[in-house]
Amino acid sequence: MNMRFSHSITLVLLAGLLPLNIFAQQNFDLIPKPASLTLAVGTYHIPTHPKIFVSQDFVSASQLLAEHPAIASLTTEIVKKIKKAPKEGIRILKAEDSDKLDKSAYRIAISEKGIVVLAHEVAPVINAIYTLVQLGYLQDDPTQIAALDIEDKPTFSYRGLHLDPSRHFIPFNIMKKFVDIMAIYKFNNLHWHLTDGAGWRLEIKQYPELTKKAAWRTHVKWKDWWNNGRQYVDAGTPNASGGFYTQEQARELVEYAAKKGINIIPEIEMPGHSEEVLAIYPELSCSGKPYTQSEFCIGNEKTFEFLKNVLDEVIAIFPSPYIHIGGDEADKKHWKTCPKCQALKTKEGLKSEEELQSYLIKQIDEYVQSKGRKIIGWDEILEGGLTKGATVMSWRGESGGINSANAGHDVIMTPGSHLYFDSYQTDPRTQPETIGGYLPISKVYEYNPIPSGIQEDKIKHVLGAQGNLWAEYMPNYFQLEYMAFPRALALSEVVWTKSDLKNWPNFHKRLQSHYKILQHFDINYYRPSYNVKGTVVFDEKKGSNNVTLSTEQLHASNIRYTIDGSKPTYQATPYNNSFDLSVPAIIKAAYFLDSTQVGPIETIQLDVHKAIGKTVTYNNKWSDGYPAQQELTLTNGIKGGLTYQDGQWQGFLKDLDVVVDFERREEISSVAMNFMQITGPGVYMPGEFKVLLSENGRTFREVGIVQNDVSDQDPTLTFKRFELKLAKPQHARYVRVVATNPKKGFLFADELIVY
């Protein structure tokens, strides 16, 4: 059927020719943004009980239109010949070659007479239907939809989200709810992390103890269980916490998701992250004893028997072309001392424990391929070599994905820096505890799944990207939803929309329309904060700080600020654009609605100090993992933000011990440094902050010590400015600072401030 859009008029032309009120009540803020959307003249009224005229191949998919908020029920009539299809009403038809439509694309044409959906295959039909469903929810009156033409297709074939019911069990009805919202935003793969040390979550009939005991632990919250013995208990005991999905439930969810265009990928962890299995079946460990390790004994033939038996049942439940086998974070120390593992190494001529792990991965890969499936594993499966058909999920940055793609392996990008949704999404000091990190929605949106290091002819191996919801700190589905949304909406556009059509301000504006959709589906999403964030960039040439104030709200113009340290009121200076200040100052800013302050006051201390641009000598070098701006970091005039991964916080694993050379004698009145603490990942305040002065750079005199007063028992993110103010100014050419590291963790500092 050759759909000619003869009635189409672009939005640009309409703006000049037609009254704007024609479209004033219509909302076209689709997420993900379609490749092409052209408005036309007219409006179609969607019936409450429509008859859908549909090609035979699309009958099942057409039932999804019942999810449109204007449709109470529908009936279908099969169209056997496209040329004889009705000219009015809702039609879902199979495209013909003359339509010149890509196999993965769909086309929607809406006029006063009805809606026509064209596609070659079922998947794009489902995508088209959810475009219509989303358009319905965006309208104040879902029965009315403006005439328009949409042509659209995904940029990436893999558009995924990951759920972790092992750490905290997710009720079956919530799994369905999650699938519902995934479909609306055109995700097509759900990675289901069904096994891990925190609990086995899938019924395996050949090994009933996996769900009688390995699915149940002593504490509700993962953190409490982790810190208190990590024991498993029988189902039915008073403190048993956990759960599992029956095979019937798993099949039901698979079928439910498939109807909505979503494939479910099961993950069965191996060879590591398997404490729960080895506690119940200790004969599969190297020690033969429960609670001694989390890795299977690779030298034990029974390990392979167990894994293959489990995979047989998993493959029978899940029709997914992919089976995820984990492969990450295996502790190899037990294999090094295990006679069975060492005997296998000798027999197979394996040179390392990495090759031993690779032996298991290859054996399982061959077995899974013999069943007509492929394996996916985390990027550790690259270690020791990889079989041809394996797909890699790159999570430790992008290097695993780059190396895999360049070697000819398919890759799914899921780097922790941009796609681990268990990280904080706003100021950690205002949020429930997470595992750490900082990932605001804007950083998710900026991600490009095609890393620059992939060779041009290997880009085809990047299938797409996936957001991961590791659930150590998500004890219930309310918190799960809170961490997933709206960041998942940003990812949906990352993997669907072409990069040249992406635009953060435009997405942020469209996002405002989607909060009501999340509310409709009773999603406990993260509400945008009223907090004000200050970003300061020092311009060494001008000798001034450029200050930008921002907020997660749409309109930054509701920010009021002062530059004299006074409390801002509604009458204070309204924020319009960034501004420069060439003198030290204390800025205070807050967000207002209807003249009322609705967010906390943000205090920003601006420093234009003597050490900026001066040379720093490191007596103890920074950590290679957190170099920041290397030797320029501490005197570049730029402060760090909310995360030690922002490139301004410099990390140290020893005492911080640095010397600044002013090149001539200077009057020194005060010396200060900022430090952060977040104990989860092992970041602590220094024990003490010592300042020493020198005329020659060799002989130093101590002028004062500042002791730490921040408790290391507080897990929340904390910042402290260690400042030594001299009773009387002193003269010196060199300033040495020593910050001790008694906890032997990380020290993070951003700037050495000298006045």
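Since the structure is predicted, the reported quantities are computational estimates derived from the model, not experimental observations.

Draft legend 1. Inspection of the overall build of the protein at higher detail. Counting its secondary structure elements, the protein contains 19 helices and 32 strands. In summary, the protein has a C-alpha radius of gyration of 30 Å against a globular reference of 27 Å for 755 residues, a match within 12%. Expressed along its principal axes, the backbone C-alpha trace of the protein runs to roughly 95 × 80 × 55 Å. Counting the 755 residues in the protein, one finds 56% classified as buried. Across the protein, contacts joining residues at least 24 apart in sequence account for 70% of those joining residues at least 6 apart. Carbon and sulfur atoms form 49% of the exposed surface of the protein, whose accessible area is close to 31,500 Å². For the protein, the centre of its 82 positive side-chain charges and the centre of its 87 negative side-chain charges are spaced 2 Å apart.

Draft legend 2. Structural context of unusual backbone geometry. Residue P271 is bonded to the preceding M270 through a cis peptide linkage, with omega at -10 degrees. Along the chain, P271 turns up in the loop between β12 (263-270) and α8 (275-280). Cis peptide bonds are those with omega within 30 degrees of zero, and the linkage from F485 to P486 qualifies with 15 degrees. By the element assignment, P486 lies in the loop between α16 (477-484) and α17 (487-496). The residue Q630 is not glycine, and still its phi comes out positive at about 55 degrees. Assignment of secondary structure puts Q630 in the loop between β26 (615-618) and β27 (650-652). Positive phi, normally seen in glycine, also occurs at K744, with a value near 60 degrees. Looking at the secondary structure, you find K744 in the loop between β31 (718-739) and β32 (747-754).

Draft legend 3. Fine view of helix α7 (residues 247-259). The terminal C-alpha atoms of α7 lie 19 Å apart, and with 13 residues this matches the ideal 18 Å at 1.5 Å per residue to within 8%. When α7 is considered as a whole, its buried residues turn out to be Q247, A250, L253, V254 and A257. Down the axis of α7, the sector holding all buried residues measures 125 degrees, keeping them to one side. If you follow the buried residues of α7, they end up packed against α4 (172-184), β9 (189-193), β12 and α9 (301-317). The first or second residue beyond α7 is G261, which carries a positive phi of 85 degrees.

Draft legend 4. Looking closely at the packing of aromatic side chains. Overall, the coordinates contain 39 aromatic pairs when judged by the stated rule. Taking the centre distance of 4.9 Å and the plane angle of 85 degrees together, the rings of Y618 and W622 count as edge-to-face. Feature note: the residues W222, W225, W226, Y232, Y291 and Y473 constitute an aromatic cluster, connected by ring pairs. For the cation-ring pair, R527 lies above Y525, with the distance from its terminal atom to the ring centre recorded as 3.7 Å. The cationic tip of K743 hangs over the ring face of Y684; the distance from NZ or CZ to the ring centre is 5.4 Å.

Draft legend 5. Spotlight on the packing of α9 against helix α12 (residues 353-370). Closest axis-to-axis distance for the α9/α12 pair is 11 Å, and the angle between their directions is 35 degrees. Once α9 is placed against α12, the crossing between them reads as right-handed. Facing T303, F304, L307, K308, L311 and D312 of α9, the residues of α12 in contact are Y359, L360, Q363, I364, Y367 and V368. Its residues assigned to classes, the contact of α9 with α12 comprises eight nonpolar, two polar and two charged.

Draft legend 6. Region of interest: the pattern of salt bridges. This structure, assessed with the given rule, holds 34 salt bridges. The salt bridge partner of R736 is D657, with a shortest N-O separation of 2.8 Å. Taken together, the residues R736 in strand β31 and D657 in strand β28 (residues 656-677) connect sequence positions 79 residues apart. Salt-bridge contacts for D709 lead to K720; the nearest nitrogen and oxygen are separated by 3.3 Å. Of this pair, D709 sits in the loop between β30 (701-707) and β31 while K720 is found in strand β31, placing the two residues eleven residues apart along the sequence. Judged by relative accessible area, D709 falls into the exposed class, the value being 62%. When salt bridges that share partners are traced, they join D164, R167, D196 and E472 into one network.

Draft legend 7. Seen up close, the nonpolar core. In this structure, F306, F318, F485 and L491 are the most contacted members of the largest nonpolar core, which totals 148 residues. The biggest single contributor to this core is helix α3 (residues 122-138), with ten residues. Not counting residues within four places of it along the chain, the set of residues in contact with F318 comprises W192, L194, L202, A250, V254, I264, P266 and R373. Within the second largest apolar cluster, 31 residues are counted, among which are F662, V710, L726 and V735.

Draft legend 8. Spatial organisation of the sheet that holds strand β1 (residues 36-45). The sheet built from seven strands is open, its strands ordered β1-β7-β5-β6-β4-β2-β3 with mixed pairing. Where the open sheet ends on each side, the last strands, each with one partner, are β1 and β3 (75-79). With strand direction ignored, the average angle separating the axes of adjacent strands in the sheet is 20 degrees. One ladder, built from three bridges, connects strand β2 (residues 51-55) with strand β4 (residues 89-94); its direction is parallel. Residue pairing across strands places I52 opposite I90, the latter belonging to β4. Its contacts with the sheet put α3 on β4, β5 (106-111), β6 (114-119) and β7 (144-152), and the angle it makes with β5 is roughly 40 degrees.

Draft legend 9. Highlighting the environment of Y530. Mapped onto the secondary structure, Y530 falls in the loop between α19 (515-520) and β18 (532-539). Classification of Y530 by relative accessible area gives partly exposed; the value is 31%. Each C-alpha atom of the pair Y530 and F592 lies 8.5 Å from the other, and the pair is 62 residues apart in sequence. Not counting residues up to four positions away in its chain, the partners in contact with Y530 are T551, Q553, Y591, L593, V598 and G599.

Draft legend 10. Representation of the packing of α17 against helix α18 (residues 504-511) in the model. For the pair α17 and α18, the least separation of the axes is 11 Å and the interaxial angle reads 130 degrees. Classified by the interaxial angle, the pair formed by α17 and α18 is oblique. Considering how the two elements wind past one another, α17 and α18 form a crossing that is right-handed. Residue-level inspection shows L489, A490 and E493 of α17 in contact with α18, the latter providing F507, R510 and L511. Residue composition of the contact of α17 with α18, grouped by class: four nonpolar, no polar and two charged.

Draft legend 11. Spatial organisation of the sheet that holds strand β19 (residues 544-551). Spatial strand order, β18-β19-β22: three strands in an open sheet with antiparallel pairing. Strands with a single pairing partner mark the edges of an open sheet, and in this sheet they are β18 and β22 (579-581). In this sheet, adjacent strand axes meet at a mean angle of 30 degrees when their direction is disregarded. Across eight bridges, β18 lies against β19 in antiparallel orientation. Opposite D539, over in β19, you have S544 as the bridge partner.

What counts and how
Residues numbered from 1 in each chain as written. Predicted model: local features only at pLDDT ≥ 70, side-chain atom pairs only at ≥ 80, totals over all residues. Heavy atoms only, no water. Helix = DSSP H or I, 4+ residues; strand = E, 2+ residues; numbered from the N terminus. Rg over C-alpha atoms; globule rule 2.2 N^0.38 Å. Buried < 20%, exposed > 50% of the residue type's maximum accessible area, 1.4 Å probe, protein only. Contact = heavy atoms within 4.5 Å. Areas by Shrake-Rupley, 256 points an atom, 1.4 Å probe, with all protein chains shown as cover. Lys, Arg positive; Asp, Glu negative; His and termini not counted. Charge placed at Lys NZ, Arg CZ, Asp CG, Glu CD. Expected span 1.5 Å × (residues − 1). Arc of directions from axis to C-beta. Phe/Tyr/Trp six-rings, centres within 6.5 Å; stacked < 30°, edge-to-face > 60°. Lys NZ or Arg CZ within 6 Å of the ring centre and 35° of its normal. Axes fitted to C-alpha atoms, helices over the stretch in contact; angles between N-to-C directions. Left-handed = near helix turned anticlockwise from the far one by under 90°. Nonpolar A, V, L, I, M, F, W, Y, C, P; charged D, E, K, R; others polar. Salt bridge = Lys/Arg side-chain N within 4 Å of Asp/Glu carboxyl O. Core = buried A, V, L, I, M, F, W, Y, C linked by side-chain atoms within 4.5 Å. Pairing = 2+ DSSP bridges. Parallel < 35°, antiparallel > 145°, perpendicular 65-115°, else oblique.

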